[in-house]
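Here is how the chains run, residue by residue.
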2 protein chains.
Amino acid sequence: MPKARINIDRVFHALCDPTRRAILDKLGAGPCSVSRLAAPLDITLTAVVQHLQVLEESGLVQTEKLGRVRTCRIETAGFSALEQWIRDRRSMWERRLDQLGDLLDSEEGE
Amino acid sequence: MPKARINIDRVFHALCDPTRRAILDKLGAGPCSVSRLAAPLDITLTAVVQHLQVLEESGLVQTEKLGRVRTCRIETAGFSALEQWIRDRRSMWERRLDQLGDLLDSEEGE
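All values derive from a computational prediction rather than experimental measurement.

Thresholds, definitions, all that
- Residues numbered from 1 in each chain as written.
- Chains lettered and ligands numbered in written order.
- Predicted model: local features only at pLDDT ≥ 70, side-chain atom pairs only at ≥ 80, totals over all residues.
- Heavy atoms only, no water.
- Least-squares fit on C-alpha atoms with pLDDT ≥ 70 in both.
- Contact = heavy atoms within 4.5 Å.
- Pairing = 2+ DSSP bridges.
- Helix = DSSP H or I, 4+ residues; strand = E, 2+ residues; numbered from the N terminus.
- Axes fitted to C-alpha atoms, helices over the stretch in contact; angles between N-to-C directions.
- Buried area = accessible area lost by both parts, 1.4 Å probe.
- Polar contact = N/O pair within 3.5 Å; in protein donor to acceptor, adjacent residues only side chain to side chain.
- Nonpolar A, V, L, I, M, F, W, Y, C, P; charged D, E, K, R; others polar.
- Parallel < 35°, antiparallel > 145°, perpendicular 65-115°, else oblique.
- Buried < 20%, exposed > 50% of the residue type's maximum accessible area, 1.4 Å probe, protein only.
- Patch = residues over 30% accessible without salt bridge, like charges linked within 9 Å, V, L, I, M, F, W, Y side chains within 5 Å.
- Areas by Shrake-Rupley, 256 points an atom, 1.4 Å probe, with all protein chains shown as cover.
- Salt bridge = Lys/Arg side-chain N within 4 Å of Asp/Glu carboxyl O.
- Lys, Arg positive; Asp, Glu negative; His and termini not counted.
- Charge placed at Lys NZ, Arg CZ, Asp CG, Glu CD.
- Phe/Tyr/Trp six-rings, centres within 6.5 Å; stacked < 30°, edge-to-face > 60°.

> I'm lost on the relation of the copies chain A and chain B in this one. Help?
The second copy of the chain is related to the first by a rotation about an axis and a shift along the axis. When chain A is brought onto chain B, the operation consists of a screw motion whose angular component is 180° and whose axial shift is 0.0 Å, with 0.0 Å RMSD remaining. Such values leave the two copies arranged in the relation of a two-fold axis. The overlap is high: 100% of the interface residues of chain A also sit at the interface in chain B, so the same surface is used on both sides.

Shown next, in the form of structure tokens:
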């Protein structure tokens, strides 16, 4: 999924589920098949597939089917969108604090 | 709320609601009273108070009551915890890619 099409709503929705974050942590250690992902999570294969679909649609995971095995790996686009979301907010606050500082400086100068 | 006590589960839960993200964006422009926050959001004061409670418990907002007016402002601790969560994951992937690179280098050298 190209970065431009990442929907931040979907990214937050995907990340607010602890099982989906556990899947991401597992994939952080390297690509993995769906069945190997399901084993330690103590949930059904169907549930894992559903979680993976949410993660894939939000640009946090990519999956590829080779023969009968679907392999999943981290997709960085969703994470980059999340980082950008925070960066945009931080720069807004910093700009505001700068303006406040300028205002206080100009009042002192009067 | 001190940074050490931020619960990342709560941060994600708080951020996955678009109204709560709209509240944060509004507060990004500067501190604001609860009633001024509620006006453009087209939701009841009670609903805003509930959203603010979630945001406060997750370390994204702080509120202070002076007389009859409760003023809300951005609290950066929750955002810092979120940034740290992403940084930890990125460093895990990068370490893995480094190890993979080392392995390929050593195989080439054999």
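Having seen the structure, we can now continue with the description.
> How should the sheet that holds strand 3 (residues 69-74) of chain A be read in this particular structure?
Residue and element names in this part refer to chain A. The sheet built from three strands is open, its strands ordered 1-3-2 with antiparallel pairing. The sheet is open, and its two borders are formed by strand 1 (32-33) and strand 2 (61-66), each paired with just one other strand. The pairing of strand 1 with strand 3 spans two bridges and is antiparallel. Within the sheet, the bridge partner assigned to C32 lies in strand 3 and is C72. The strands that helix 2 (residues 18-28) touches are strand 1, strand 2 and strand 3; relative to strand 3, the one it contacts most, it runs at about 90°.

> Sorry if this is basic, but what is going on with the pairing of strand 2 of chain A here?
Side chains on a regular strand alternate between the two faces of the sheet. In this structure, strand 2 of chain A lies alongside strand 3 of chain A, joined through six bridges in antiparallel fashion. Within the sheet, the bridge partner assigned to A:V61 lies in strand 3 of chain A and is A:I74.

> Help me out: how do you make sense of the interface of chain A and chain B in this one?
The interface is formed by 26 residues belonging to chain A together with 26 residues belonging to chain B. Counting the surface chain A buries against chain B, the share from its top three residues, A:F12, A:R21 and A:W93, is 22%. Summed over the shared surface of chain A and chain B, the result is 10 residue pairs in polar contact (both at pLDDT 80 or more). The set of elements that each furnish at least two residues to the side of chain A that touches chain B consists of helix 1 (8-15), helix 2 and helix 5 (76-109) of chain A. In terms of residue count, helix 5 of chain A provides more of the side of chain A that touches chain B than any other element does, 12 residues in total. Its residues placed into classes, the side of chain A that touches chain B shows 14 nonpolar, five polar and seven charged.

> Explain the packing of helix 1 (residues 8-15) of chain B against helix 5 (residues 76-109) of chain B to me, please; I cannot follow it from the model alone.
When two helices pack together, you describe them by how their axes are tilted relative to each other and by the distance separating the axes. All names here are of chain B. Contact pair helix 1 / helix 5: the axes reach a minimum separation of 10 Å and the direction vectors enclose 105°. Judged by the inter-axis angle, helix 1 sits roughly perpendicular to helix 5. For the pair formed by helix 1 and helix 5, the contact residues are I8, V11, F12 and L15 on the first element and G78, A81, L82 and W85 on the second.

> Got a minute to help me understand the side chain of A:T63 in this structure?
All names here are of chain A. Along the polypeptide, T63 turns up in strand 2. The exposure class of T63 is buried, given its relative accessible area of 15%. Here the side chain of T63 touches R70 through a polar contact of 2.7 Å, side chain to side chain. If sequence neighbours within four positions are ignored, T63 has contacts with E56, R70, T71 and C72.

> Can you help me understand unusual backbone geometry in this one?
Leaving glycine out, the prevailing phi sign among residues is negative, and the prevailing peptide bond configuration is trans. A positive phi is found at A:D42, a non-glycine position, where the angle reads about 60°. Position of A:D42 relative to the elements: it lies in the loop between helix 3 (34-41) and helix 4 (45-57).

> So what exactly am I meant to see when it comes to a negative patch on the surface here?
A cluster of acidic residues, A:E94, A:D98, A:D102, A:D105, A:E107, A:E108 and A:E110, forms a negative patch on the protein surface. Checked against the element boundaries, A:D98 lands in helix 5.

> Can you walk me through the packing of aromatic side chains in this structure?
Evaluation of the coordinates by the stated rule reveals six aromatic pairs over all chains. Aromatic pair A:F79 and B:W85: ring centres 6.2 Å apart, planes at 20°, arrangement stacked. Taken together, the residues A:F79 in helix 5 and B:W85 in helix 5 connect one chain to another. Like B:W85, A:F79 is buried. Here the aromatic residues A:F12, A:W85, A:W93 and B:F79 are joined through ring pairs into a cluster of three or more.

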